[in-house]
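Notes for the structure review
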Amino acid sequence: MSYAAVIGMEGVCCMLLHLLHSFSLLYGYFDGAYVALIPVVTSDVVGSSYLTSALGVVYLIGGWLVDITGNYAATFSLSGASFMTSEDLTTGT
């Protein structure tokens, strides 16, 4: 399975969180394809000197959404939309 396809499936899992009873199994399966690349890609985009700040901003946004809404649904929806956009940009569609 290609990296772009895995990222797209991860996005679908996040977007359909409320419908998936076996979410942890599917999320865990597709999560392993990219989780090791987060620091690498972030470092390529912002540079190694800003890596910790860039990762902190991402986690701050997720935490802020949880604080505002009181649950994780908005955070997972944003994450899913980001994954699906990433997949589109990666494949060029």
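Residues numbered from 1 in each chain as written. Predicted model: local features only at pLDDT ≥ 70, side-chain atom pairs only at ≥ 80, totals over all residues. Heavy atoms only, no water.

Some details on the packing of helix 3 (residues 38–46) against helix 4 (residues 51–69)
Inclusion rule: The angle between two axes is taken between their N-to-C directions and runs from 0 to 180 degrees, where each axis is a line fitted to C-alpha atoms and a helix contributes only its stretch in contact. Per the convention used, a helix needs a DSSP run of H or I reaching at least four residues, while a strand needs a run of E reaching at least two, with both numbered from the N terminus. Put simply, angles under 35 degrees are roughly parallel, angles over 145 are roughly antiparallel, angles from 65 to 115 are roughly perpendicular, and the rest are oblique. Handedness of each helix crossing follows the sense of rotation of the near helix against the far helix: counterclockwise by less than a right angle gives left-handed, clockwise gives right-handed. Contacts are residue-level and defined by heavy atoms, with any inter-residue pair within 4.5 Å sufficient. Residues are sorted three ways: Asp, Glu, Lys and Arg are charged, Ala, Val, Leu, Ile, Met, Phe, Trp, Tyr, Cys and Pro are nonpolar, and all the rest, Gly among them, are polar.
Running from N to C, helix 3 and helix 4 cross one another at 115°; their axes reach a closest spacing of 9 Å. Of the possible angle classes, the one that applies to helix 3 and helix 4 is roughly perpendicular. In this structure, the crossing between helix 3 and helix 4 has a hand that is right-handed. Taken together, the residues of helix 4 that come into contact with helix 3 (itself represented by Ile38, Pro39, Thr42, Ser43 and Val46) are Leu51, Ala54 and Leu55. Tallied by class, residues from the contact of helix 3 with helix 4 come to six nonpolar, two polar and no charged.

Things to note about the confidence of the model for the protein
As a reminder of what qualifies: A residue's pLDDT is the predictor's confidence in that residue, given on a scale from 0 to 100.
Confidence along the protein averages 80 in pLDDT terms, with 83% of residues attaining 70 or more. Looking over the protein, one finds the lowest element-wise mean pLDDT in helix 2 (residues 23–31), namely 68, and the highest in helix 4, namely 87.

Brief notes about the packing of helix 4 against helix 5 (residues 73–91)
Following both chains from N to C, one finds helix 4 and helix 5 inclined at 140°, their axes separated by 7 Å at the closest point. If you check the angle between helix 4 and helix 5, you find them oblique. Where helix 4 approaches helix 5, its residues Ile61, Gly62, Leu65, Val66 and Thr69 are matched on the opposing element by Ala74, Thr75 and Leu78. Within the contact of helix 4 with helix 5, the residues separate by chemical class into five nonpolar, three polar and no charged.

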